[in-house]
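Each chain, letter by letter, is given below.
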There are 2 protein chains.
Amino acid sequence: MTMSTREQEVLDRIERVRKRRPKVKEERITLAHGSGGKATQTLIEAVFLDAFSNPMLDRLEDAAELSVNETRLALTTDSFVVSPLFFPGGNIGDLAVNGTVNDLAVSGAKPLYLTAGFILEEGFPVADLIRIVASMKAAADAAGVSIVTGDTKVVQRGKADGCYINTAGVGVVRCPGRLGAATVQPGDAVLVSGSIGDHGVTVMLARGELDIEADLVSDTAPVHDLVATLLAATPGVRAMRDATRGGVATILNEVAKAADVAVVVDEDKVPVGTEVRGASELLGIDPLYVACEGRIVVFVAGAEAETALDALRSHPLGREAALIGRVKADPPGLVLLNTTFGGTRICDLLVGDPLPRIC
Amino acid sequence: MTMSTREQEVLDRIERVRKRRPKVKEERITLAHGSGGKATQTLIEAVFLDAFSNPMLDRLEDAAELSVNETRLALTTDSFVVSPLFFPGGNIGDLAVNGTVNDLAVSGAKPLYLTAGFILEEGFPVADLIRIVASMKAAADAAGVSIVTGDTKVVQRGKADGCYINTAGVGVVRCPGRLGAATVQPGDAVLVSGSIGDHGVTVMLARGELDIEADLVSDTAPVHDLVATLLAATPGVRAMRDATRGGVATILNEVAKAADVAVVVDEDKVPVGTEVRGASELLGIDPLYVACEGRIVVFVAGAEAETALDALRSHPLGREAALIGRVKADPPGLVLLNTTFGGTRICDLLVGDPLPRIC
């Protein structure tokens, strides 16, 4: 198959997906629209894609790939509204840097430059802002990026919740046009780089709404180096995503839909820490839907699954990496879970939002 | 003077300015920290520059100039928290696009790609979001930019005010390293591209807090084409800024400080519409401090003042352009206003925030 036929096939696939776009039924925004799940995707497709549609945006990757002169760039943005602002293992500052660094990294780009936009609530302690900013600086240094421009707005008391941060990031693309959810094929293997759900459960517990004591910290970390290690060892990587809002299950659904394939996951191969498992049971949620902030999901050509796994495990952030499933042709667009108890069930996008404001 | 001596001089000037950095005295964030005035600048210098300092950020231009491979890029960001969201002449959507387009344009870059990050309050009407998004698309088309990536977060009722938008923008630099506030010199002329304060007064009146009827609309507009016209005609342009939050007076102060020069402005040469003048008197504020969203302040070599004025006036957005002042050596760092009544007074940065949430 020539490259241009392949590209055409990807474009056709995107077009087929576009035609299936749903409508927003609600008259008002709900928390579920921010969950990363079904309502978020409907909002994105029915409102944002409908208006802004262009080939860069329509791919719906974590970062857009674009050209300036002869240079291929990746551009991404994320707003952070996590509550509480400080939690074991991190705060909104390093989260905001790592989140954008990771969106660039999983798009196959080397992260270079970040912007930082602050929306502060009147009355917010300056000492907390200084702490957050120091964490941002440390995270930027760890990821090898510079924060080169920014903006600060202040709103009246009761019009925000302390501090919201937006970061946008620019990186240089390592392998132009090669990576992307739409390139995933039947036969590919599905890997995760470590135990899932630590960040989401940590933030939930930090809110103090649950009477659980757990020795748990957020997994927030920059994955740029892990990704570079993986890509250097494994030419057959098709797509990567960081499993943030909506967790691993949401990523798997996004890819199944974008590539028009089935993703079949073995539940007992998914690494979940005992404390995350316990807390998830109490919260009544599946760890597969709980956000991580330093874990990636990797789709790789089946023949290179072991190579990819070894590459991930060779890195400190990927020591607990696991092969969790395979891509099949049918049923297209669905994620199937082979459960620990021997059954198989559809693992769909979440409808509500069990864990709001986790990032 | 060789180019490298000149560059060294600019760097020295930046270093001198850095050493004068103040400290944040307040323990908590106030609305004034978001005004664009004195408190904002203190916050930026004492908190953000202190942590993030790097040569790209330290210049404190509207956009950072940076290199990726051999390509010179401009990168900028702004969050928008305007209240009300809809006002005569525009809404938060086109404001968010034009604001970032303009920050790129006045930095001498051709705007290319935008990101869009939404923070929505639970309960926000979907129909309003669709209207805002449609305005963003129209504004992006008018400015020749694509919105290529985005993000949506939702916070609980009472944790935002309907809709906040962050945009970041990437452009390609037209004249690398040449433009910048620190390059302004004694003898330069100061121009504005049109009547000032229309946006700020329009938004104030749209809040309905004042019992004034005025047939006024926001000046929100993309200035990329106006800037291109100006730069093509006038090689001696030293620096441009769009006079948003804090108005023309704030820009003049920023430049006076960055270039270590005096800026002397003739009050009666500053174009102010009769309705803006009237409303400003009632509000007790000087139009020089009121935000515009489609006006630029231009610093140009004195000998090219008329050329620049003609170039601005040849463009629909610059028909009312005016030469409002001159740059002098002394007193360095200050803006002096020759008043209509024949006196001279210092036109300093504002201390409070008379017009919060204007953008």
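Each chain carries its own residue numbering, running from 1 in the direction its sequence is written. Chain A is the first chain written and ligand 1 is the first ligand written, with later ones labelled in order. Restriction of local features to residues with pLDDT of at least 70 applies here, the model being predicted, together with a cutoff of 80 or more for giving and counting side-chain atom pairs; totals for whole chains, interfaces and linings are based on all residues. Side-chain numbers come from the whole structure's heavy atoms, not from hydrogens or water.

An unreviewed UniProt entry lists chain A under the name Hydrogenase expression/formation protein HypE, from Actinocrispum wychmicini. UniProt positions are given in the numbering used here, feature names are shortened, and annotations may be inferred rather than shown by experiment. Regarding chain A, the relevant UniProt record gives this comment under Sequence similarities (unreviewed entry): "Belongs to the HypE family."

Here we take up the pairing of strand β11 (residues 296–300) of chain B. Look at any regular strand and the pattern is simple: side chains alternate between the two faces of the sheet. Residue and element names in this part refer to chain B. Each residue's exposure class comes from its accessible area (1.4 Å probe, protein chains only) as a fraction of the maximum for that residue type: buried when under 20%, exposed when over 50%, partly exposed otherwise. Helix and strand definitions here come from DSSP, where helices need a minimum of 4 consecutive H or I residues and strands a minimum of 2 consecutive E residues; each element is numbered from the N-terminal end. Burial analysis of β11 places five of its five residues in the buried class, the great majority of the element. What you see with β11 is no split at all: Ile296, Val298 and Val300 on one side and Val297 and Phe299 on the other are buried throughout. In this structure, strand β9 (residues 237–242) lies alongside β11, joined through five bridges in antiparallel fashion. Paired with Met240 across the bridge in β11 is Val298. Criterion used throughout: strands pair if DSSP finds at least two bridges between them.

Take the number of residues in a helix, subtract one, and multiply by 1.5 Å to get its expected span. Between its first and last C-alpha atoms helix α5 (residues 126–143) of chain A spans 26 Å; for 18 residues at 1.5 Å apiece the expected length is 26 Å, and the two agree. All buried positions along α5(A) are accounted for by Val126(A), Leu129(A), Ile132(A), Val133(A), Ser135(A), Met136(A), Ala139(A), Ala140(A) and Ala143(A).

Attention shifts here to the UniProt feature "domain: PurM-like N-terminal" (unreviewed entry) in chain A. Mapped onto the present numbering, the UniProt feature "domain: PurM-like N-terminal" (unreviewed entry) falls on residues 61–173 of chain A. The distance from the first to the last C-alpha atom of residues 61–173 of chain A is 13 Å, and the span holds 29% helix and 47% strand.

Turning to the sheet that holds strand β5 (residues 109–121) of chain B, a few remarks are in order. Across a sheet, strands are paired by hydrogen bonds formed along the backbone, either parallel or antiparallel in direction. All names here are of chain B. Pairing is mixed across the open sheet formed by five strands, whose spatial order is β1-β2-β7-β5-β6. Each edge of the open sheet is held by one strand with a lone partner, namely β1 (64–68) and β6 (146–155). On average, each strand axis in the sheet is tilted by 25 degrees relative to the strand beside it, whichever way the strands run. Bridge count between strand β2 (residues 71–80) and strand β7 (residues 163–173): eight bridges; the pairing is antiparallel. For Thr77, the partnering residue across the bridge sits in β7 and is Ala168. Between the N-to-C directions of two axes lies an angle of 0 to 180 degrees, each axis being a line fitted to C-alpha atoms and, for a helix, fitted only over the stretch in contact.

UniProt marks residues 185–331 of chain A with the feature "domain: PurM-like C-terminal" (unreviewed entry), using the numbering shown here. Between the first and last C-alpha atoms of residues 185–331 of chain A the distance is 13 Å; the span itself is 35% helix and 18% strand.

Below, the discussion takes up the interface of chain B and chain A. By the convention used here, residues are in contact when the closest approach between their heavy atoms is within 4.5 Å. Between chain B and chain A, the contact holds 74 residues from the first and 74 residues from the second. In short, buried area is how much 1.4 Å probe accessible area vanishes from two parts on joining, totalled over both. Summed over both partners, the interface of chain B with chain A comes to about 6,600 Å²; 68% of that surface belongs to carbon and sulfur atoms. It is Ile29(B), Phe52(B) and Lys153(B) in chain B that bury the most area against chain A; as a group they hold 10% of the surface buried on that side. Each reported salt bridge corresponds to a side-chain nitrogen of Lys or Arg within 4 Å of a carboxyl oxygen of Asp or Glu. With a shortest N-O distance of 3.5 Å, Asp78(A) and Lys153(B) are connected by a salt bridge. Counted as a polar contact is a pair of N or O atoms within 3.5 Å, where, for protein atoms, one must be capable of donating a hydrogen and the other of accepting one, and residues adjacent in sequence contribute only when both atoms are in side chains. Put simply, chain B and chain A have 25 residue pairs in polar contact (both at pLDDT 80 or more) between them. Of all the secondary structure elements, the ones that give two or more residues to the side of chain B that touches chain A are α2 (38–52), α3 (55–58), β1, β2, β5, α5 (126–143), β6 and β7 of chain B.

Once chain B is rotated about the relating axis by 180 degrees and shifted along it by 0.0 Å, it coincides with chain A to within an RMSD of 0.0 Å. Within this description, the copies of the chain are treated as partners about a two-fold rotation axis. Measuring from the rotation axis to each C-alpha of chain B, the shortest distance belongs to Ala160(B), at 2.2 Å. Taken as a fraction of all interface residues of chain B, those also at the interface in chain A reach 100%, which identifies the copy contact as same-surface. Here the copies are matched by least squares. The fit uses the C-alpha atoms of residues with pLDDT of at least 70 in both.

All names here are of chain B. Of all 10 residues in β6, eight are buried, a share of seventy percent or more. By the bridge criterion, nine bridges tie β5 to β6 in an arrangement that is parallel. Directly across from Leu114, in β6, lies its bridge partner Ile147. By the criterion used throughout, a crossover qualifies as right-handed when its path from the first strand across the helix to the second strand runs clockwise, the strands pointing away from the viewer. With respect to chirality, the unit in which β5 leads through α5 into the neighbouring parallel β6 is right-handed.

Residues and elements named next belong to chain A. Looking at the assigned domains, one finds that chain A contains domain 1 (62–177) and domain 2 (181–346). Segment limits for the domains were obtained from an automatic or database-derived domain assignment. With centres defined by C-alpha atoms, the gap from domain 1 to domain 2 works out at 23 Å. With 22 residues of domain 1 in contact, the opposing surface of domain 2 contributes 22 residues. The junction of domain 1 with domain 2 conceals about 1,800 Å² of combined surface from both sides, 62% of it contributed by carbon and sulfur atoms. By the criterion of area lost to domain 2, the three top residues of domain 1 are Pro88, Asn102 and Val106, representing 29% of everything that side buries. Summed over the shared surface of domain 1 and domain 2, the result is zero salt bridges. Counting only elements with at least two residues in the side of domain 1 that touches domain 2, the list comes to α4 (92–106) and α5. When residues in the side of domain 1 that touches domain 2 are grouped by element, the largest group, nine residues, is from α4. Residue classes follow a fixed rule: Ala, Val, Leu, Ile, Met, Phe, Trp, Tyr, Cys and Pro count as nonpolar, while Asp, Glu, Lys and Arg count as charged, and any other residue, Gly among them, counts as polar. Its residues assigned to classes, the side of domain 1 that touches domain 2 shows 11 nonpolar, seven polar and four charged.

What follows is about the sheet that holds β11(B). Residues and elements named next belong to chain B. Overall, mixed pairing links the seven strands, which are arranged β9-β11-β8-β12-β10-β13-β14 in an open sheet. Strands at the two margins of the open sheet, each flanked by one partner only, are β9 and β14 (344–346). Ignoring strand direction, the axes of neighbouring strands in this sheet form an average angle of 25 degrees. Two strands pair when backbone bridges link them, and strand β13 (residues 335–338) and β14 are joined in this way by three bridges, in the antiparallel orientation. Bridging across to β14, Asn338 finds its partner in Thr344. This element, helix α8 (residues 247–259), spans β8 (189–192), β9, β10 (262–266), β11, β12 (322–328) and β13 of the sheet and lies at about 30 degrees to β11.

In this structure the tally under the stated criterion is 26 salt bridges over all chains. Residue Glu61(A) pairs with Arg241(A) through a salt bridge whose shortest N-O separation is 3.2 Å. You can see Glu61(A) sitting in the loop between α3 (55–58) and β1 (64–68) and its partner Arg241(A) sitting in strand β9 (residues 237–242), a full 180 residues away along the chain. Residue Arg245(B) pairs with Asp151(A) through a salt bridge whose shortest N-O separation is 3.2 Å. Pair noted here: Arg245(B) is in the loop between β9 and α8 and Asp151(A) is in strand β6 (residues 146–155), and the two residues belong to different chains. Looking at Asp151(A), the relative accessible area reads 7%, which means it is buried. Each of Asp78(A), Arg245(A), Asp151(B) and Lys153(B) takes part in a single network of salt bridges with overlapping partners.

What follows is about unusual backbone geometry. All names here are of chain A. Look at the link from Ser83 to Pro84: it is a cis peptide, with omega at 0 degrees. For Pro84, the position within the fold is in the loop between β2 (71–80) and β3 (86–87). Between Asp330 and Pro331 the backbone carries a cis peptide bond, its omega angle lying at -10 degrees. Among the secondary structure elements, Pro331 is positioned in the loop between β12 (322–328) and β13 (335–338). Of note in this structure, Asp260 is not a glycine but carries a positive phi near 60 degrees. Residue classification places Asp260 among the partly exposed positions, given a relative accessible area of 22%.

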